[in-house]
Amino acid sequence: MSSKIIDFQTLGDDRGSLIALEENYNAPFEIKRVYYIYDTKKGVARGFHAHKHLKQLAIAVKGSCTFVLDHGVKKEEIVLNSPNKGLLIEGLIWREMKDFSSDCVLVVLASEHYDEDDYIRDYDEFLKEALNDS
Ligand code: T46
């Protein structure tokens, strides 16, 4: 299990900015799915689950939000507030997302198709698995 910030190269000129994401390059896996979260209501938190195998790259292409990543033994908070930064999350990490700005558009690239069986939505079950893995 691991997480890290990936800095994307901004290709800009006097017309504005452009960022390209390419699988197995700056998005370091095969991209099978893309989804985005937007219009999140004030004060709402989402997530509250871990994934068994999924790799994801989350980018706040507009606005900001905070990820709370719980590795079982340690917790960290990561603010996403720039379209040129992506949060890579691989493996068994409990995630919560909060503090969405009203204009936040959170784009997520995923390594697998949607599969509810890959989710762990029970925190105690997550902790048991995470501590076994560490
Ligand atoms: C994650 C965080 C960052 C689908 O049908 N297909 C999909 O690809 C996704 C992502 C969701 N759904 C359905 C399942 C639920 O009925 O859309 C509904 C909302 O999904 P969920 O409650 O899981 O949303 P979040 O924001 O809690 O979590 C999502 C992802 O599901 C999850 O993989 O890591 O964003």
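Up top you'll find the structure we're talking about.
From a predicted model like this one, the values you see are computed outputs, not experimental measurements.

Basis of the calculations
Residues numbered from 1 in each chain as written. Predicted model: local features only at pLDDT ≥ 70, side-chain atom pairs only at ≥ 80, totals over all residues. Heavy atoms only, no water. Core = buried A, V, L, I, M, F, W, Y, C linked by side-chain atoms within 4.5 Å. Buried < 20%, exposed > 50% of the residue type's maximum accessible area, 1.4 Å probe, protein only. Helix = DSSP H or I, 4+ residues; strand = E, 2+ residues; numbered from the N terminus. Contact = heavy atoms within 4.5 Å. Phe/Tyr/Trp six-rings, centres within 6.5 Å; stacked < 30°, edge-to-face > 60°. Salt bridge = Lys/Arg side-chain N within 4 Å of Asp/Glu carboxyl O.

A. Examining the nonpolar core more closely. Formed by 16 residues in total, the largest nonpolar core has its most connected members in Phe67, Leu69, Leu80, Leu87, Phe100 and Leu106. Elements that contribute at least two residues to this core include exactly β6 (55-62), β7 (65-70), β8 (75-80), β9 (85-90) and β11 (105-110). Of all the elements, β7 adds the most residues to this core, at three residues. Setting aside residues up to four positions removed in sequence, Leu80 forms contacts with Ile5, Ala58, Ile59, Ala60, Gly63, Ser64, Cys65, Phe67, Lys85, Leu87 and Leu106. Judged by nonpolar contacts, the second largest core, of nine residues, contains Ala27, Phe29, Leu57 and Val107.

B. Summary view of the packing of aromatic side chains. The final tally for this structure, using the stated rule, is five aromatic pairs. Both rings, one in Trp94 and one in Tyr123, keep their centres 5.1 Å apart while their planes meet at 85 degrees; by these two values the pair is edge-to-face. Linking Trp94 in strand β10 (residues 94-98) with Tyr123 in helix α1 (residues 123-133), this pair joins segments that are 29 residues apart in sequence. For Trp94, a relative accessible area of 5% gives the class buried. Between Tyr114 and Tyr119 the ring centres are 5.8 Å apart and the planes differ by 65 degrees, which places this aromatic pair in the edge-to-face class.

C. Region of interest: the pattern of salt bridges. One pass over the structure, following the stated rule, counts five salt bridges. The salt bridge partner of Lys85 is Asp7, with a shortest N-O separation of 2.5 Å. Of this pair, Lys85 sits in strand β9 while Asp7 is found in strand β1 (residues 2-7), placing the two residues 78 residues apart along the sequence. Look at Asp7 and you get exposed, because its relative accessible area is 53%.

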